[in-house]
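# Geometric and topological summary
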Amino acid sequence: GPQANNPNSLGDSFAWGAFIDSKNRLWVGSEGAGLQQYRKDTDDFVHYKNNNGQDNAISNLYVLHITEDKKGDLWLATYYGLNHFDPETKTFTSWQGDKDDPTKLSSSIIKSLLYSTDNYLWVGTHDNGLNRFDPNTGAVLRIGLDEGLPSSTVSSLLEDNAGNIWVATSNGLARIHPETFQINTYSEGVGLA
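Described in the following lines is the structure provided in the data block. Since we're looking at a predicted model, the values are computed, not measured. (Residues numbered from 1 in each chain as written. Predicted model: local features only at pLDDT ≥ 70, side-chain atom pairs only at ≥ 80, totals over all residues. Heavy atoms only, no water.)

What follows is about the sheet that holds strand 9 (residues 110-115). Reading across the sheet, the 4 strands line up as 9-10-11-12 and stay open at both edges, with antiparallel pairing between neighbours. Among the strands making up the open sheet, the edge pair consists of strand 9 and strand 12 (140-143). Neighbour-to-neighbour, the strand axes of this sheet turn through a mean angle of 20 degrees, independent of strand direction. The pairing of strand 11 (residues 130-133) with strand 12 spans 4 bridges and is classified as antiparallel. When the bridges of strand 12 are listed, Asn131 appears paired with Arg142. (Pairing = 2+ DSSP bridges. Helix = DSSP H or I, 4+ residues; strand = E, 2+ residues; numbered from the N terminus. Axes fitted to C-alpha atoms, helices over the stretch in contact; angles between N-to-C directions.)

Inspection of the entire model under this criterion finds 5 salt bridges. With its nearest N and O atoms 3.9 Å apart, the salt bridge here joins Arg25 to Glu88. Linking Arg25 in the loop between strand 1 (15-20) and strand 2 (26-30) with Glu88 in the loop between strand 7 (81-86) and strand 8 (91-95), this pair joins segments that are 63 residues apart in sequence. With a relative accessible area of 18%, Arg25 lands in the buried category. (Salt bridge = Lys/Arg side-chain N within 4 Å of Asp/Glu carboxyl O. Buried < 20%, exposed > 50% of the residue type's maximum accessible area, 1.4 Å probe, protein only.)

Another aspect to go through is the side chain of Asp86. For Asp86, the location among the structural elements is in strand 7. No salt bridge is formed by the buried Asp86, whose closest oppositely charged neighbour, Lys90, lies at an N-O distance of 7.5 Å. Polar contacts involving the side chain of Asp86 include one to the main-chain amide nitrogen of Glu88, which spans 2.8 Å. Once you skip the residues sitting within four places of it in the chain, Asp86 turns out to touch Asp73 and Thr91. (Lys, Arg positive; Asp, Glu negative; His and termini not counted. Polar contact = N/O pair within 3.5 Å; in protein donor to acceptor, adjacent residues only side chain to side chain. Contact = heavy atoms within 4.5 Å.)

Here's what the structure looks like:
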């Protein structure tokens, strides 16, 4: 756990997101300590924080989820934006949400992520639905209550073998077809216990 006299100890006891990348590196996201990389050789952690709001730093220290794209870069869900992290240059790029601007993410409070086989990043928010984000262009497609999502809170995302996106929400489960965006919902009494 965290040790006050050791700057390379685990930064916070509340580790929300743990992820092993394609190079077998362990990354940890936590409540208040940002992104941390475990170093096996020294049995400690490297911390990636935002010191005095410098450029190319993480946008928020509350990291809920970590995933990886096909290039080996990391994507982080934080309480203030979506973050891209390049493990080679150790730099971050972030995107903030704006519920009133349909060209941006629907919220900055990001809860869940999925990098799909068709190279999109699905971004689930705490309070304003789901976004399909194109990492190459930054283009956003929003999917919310109006499109048939059962809740605005998206807690988890999975892709099945057929490419369907499964969305766990606070009001049931939804399945989204990746091309037609048809949404099937499953709630209590309709196939879900």
